[in-house]
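# Coordinate inspection notes
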Amino acid sequence: MVMLWSLQKARPLWITNLQEDETEEMEGPQSPGQLLNPALAHCISVASCGNIFSCGAEDGKVRIFRVMGVKCEQELGFKGHTLGVSQVCFLPESYLLLTGGNDGKIMLWDANSEVEKKQKSPTKRTHRKKPKRGTCTKQGGNTDASVTDEEEHGNILPKLNIEHGEKVNWLLGTKIKGHQNILVADQTSCISVYPLNEF
C-alpha cells in the first residue's frame, strides 16, 4: 500500500493498494508457469516541486503519482526492471528519475513530458487505457512475443541504462565538483560513482 498521511491528525488521507492494480493487469494472457512478483512498495521519492512522487515496487514497475489536495492520482506507470525496483530518486529541480533494481540495472527516465502533458490537461480521466503486455526473456534469449520498448515502458523510454551488476540497495543523484553523478551502494562495501555528463 502507498499512503498519504496527515501528520496533524496522525491518520492516512489517501490509500492505494498496488496489488489491486496488478490484479487487473493479470487478467490478460500469461504463459503457463509464469510467476509474477507482487507489487510490494520498496521505495518512494518526491520531486522537488513537492506534489509529484514516484514509487518503485517488487513487480519491476515504477509508478508516478500527483498529490491533489488530500488525494493522489497515478499519472504514469511503466515497467522498468526485470526484477523488483529497489530504489527511485528524482534528480533535483527536474522530473529526471533514477531507478535501481534487484536486476543490477540503473536507469534514468525523463518523466517531464508525461507529467507536464497530464498537468495541462483539464479533463479528469476516470478510466485508464491498460498497457499492452507481453513476455520476454533476458537479452540474447528467445521471446514468446515481440515486445517493443513502447509496449514495455509505456510512453516513456530510459535515457540511460547502466549494467551495475549488483542489486542496488541505495542510489542518489548529486553534484560532485560541479558535475552531476550517480552514487550507488550495493551489497559490497564500496560506493560506485557514475558520471551523468549530458544531464
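Notes on the structure in this doc start here. Residue numbers run consecutively from 1 along every chain, following the written order of its sequence. Confidence filtering applies because this is a predicted model: local features only for residues at pLDDT of at least 70, side-chain atom pairs given and counted only at 80 or more, and all residues used for totals across whole chains, interfaces and linings. Values reported for side chains reflect all heavy atoms of the structure, with hydrogen atoms and water molecules removed beforehand.

The helix and strand tally for the protein chain stands at three helices and 13 strands. Within the protein chain, residue pairs in contact and separated by at least 24 positions form 45% of the contacts whose partners lie at least 6 positions apart. Only DSSP runs of H or I covering at least 4 residues are called helices, and only runs of E covering at least 2 are called strands; the numbering of each starts at the N terminus. Pairs of residues are marked as contacts when any of their non-hydrogen atoms sit within 4.5 Å.

All right, on to the sheet that holds strand β8 (residues 96-101) then. Whenever strands of a sheet pair, they do so through backbone hydrogen bonds, lying parallel or antiparallel. Strand order in the open sheet formed by four strands is β7-β8-β9-β10, with antiparallel pairing between adjacent strands. In the strand order of this sheet, the two ends are held by β7 (85-90) and β10 (158-163), each with one partner. Ignoring strand direction, the axes of neighbouring strands in this sheet form an average angle of 15°. Pairing between two strands is assigned when DSSP locates at least 2 bridges connecting them. Of the pairings in the sheet, the one linking β8 to strand β9 (residues 105-110) comprises five bridges and is antiparallel in character. When the bridges of β9 are listed, Thr99 appears paired with Met107. Angular values range over 0 to 180 degrees, each being the angle between N-to-C directions of two axes fitted as lines to C-alpha atoms, with helices fitted over their stretch in contact.

A few words now on the nonpolar core. One recurring pattern in soluble globular proteins: nonpolar side chains tend to sit buried together. As used in this record, nonpolar core signifies buried Ala, Val, Leu, Ile, Met, Phe, Trp, Tyr and Cys residues forming a set joined through side-chain atoms within 4.5 Å. A 1.4 Å probe rolled over the protein chains alone gives each residue an accessible area, and that area as a share of the maximum for its type sets the label: buried under 20%, exposed over 50%, partly exposed in between. The biggest cluster of nonpolar side chains holds 17 residues, and the ones touching the most others in it are Ile52, Ile64, Phe78, Tyr95, Leu97 and Ala111. At the level of secondary structure, the elements contributing two or more residues to this core comprise β5 (61-68), β6 (71-79), β7 and β9. No other element matches β7, which puts three residues into this core. Those residues within four positions of Leu97 in sequence are excluded, and the remaining contacts are Ser54, Val62, Ile64, Val88, Cys89, Phe90, Met107, Leu108 and Trp109. Cys89, Leu171, Ile182 and Val184 belong to the second largest nonpolar core, which has 12 residues in total.

As for its placement among the helices and strands, Asp186 is situated in the loop between β12 (179-185) and β13 (191-195). Of the side chains with opposite charge, Lys167 comes closest to the buried, unpaired Asp186, at an N-O distance of 9.8 Å. Any pair of N or O atoms that falls within 3.5 Å is considered a polar contact. Within protein, one atom must be able to donate a hydrogen and the other to accept it, and sequence-neighbouring residues count only if both atoms are side-chain atoms. Reaching out from Asp186, the side chain makes a polar contact with the side chain of His164 at a distance of 2.6 Å. If near-sequence neighbours (up to four positions away) are discounted, Asp186 is found in contact with His164, Glu166, Lys167 and Asn169. His is not counted, nor are the chain ends, whereas Lys and Arg count as positive and Asp and Glu as negative. Within this document, salt bridges are pairs made up of a side-chain nitrogen of Lys or Arg and a carboxyl oxygen of Asp or Glu, the two lying within 4 Å of each other.

We now examine the environment of Asp110. On the secondary structure map, Asp110 appears in strand β9. Under the relative-accessibility criterion, Asp110 is labelled partly exposed at 27%. Once the C-alpha coordinates of Asp110 and Leu98 are considered, the two residues, 12 residues apart in sequence, prove to be 9.0 Å apart. Leave out the neighbours within four places in its chain, and Asp110 touches Tyr95, Leu96, Ile156 and Lys159. In this structure the side chain of Asp110 is engaged in a polar contact, spanning 3.0 Å, whose partner is the backbone nitrogen of Asn112.

Along the chain, Leu196 turns up in the segment after β13. With a relative accessible area of 2%, Leu196 lands in the buried category. Apart from the residues within four sequence positions on either side, Leu196 is in contact with Leu91, Leu108, Leu160, Gln180, Asn181 and Ile182.

When the sulfur atoms of two cysteines come within 2.5 Å, that pair is taken as a disulfide. Following the criterion strictly, the structure yields zero disulfides and no others. With no disulfide of its own, Cys89 has Cys43 as its nearest cysteine by sulfur position, at a separation of 8.1 Å. Look at Cys89 and you get buried, because its relative accessible area is 9%.

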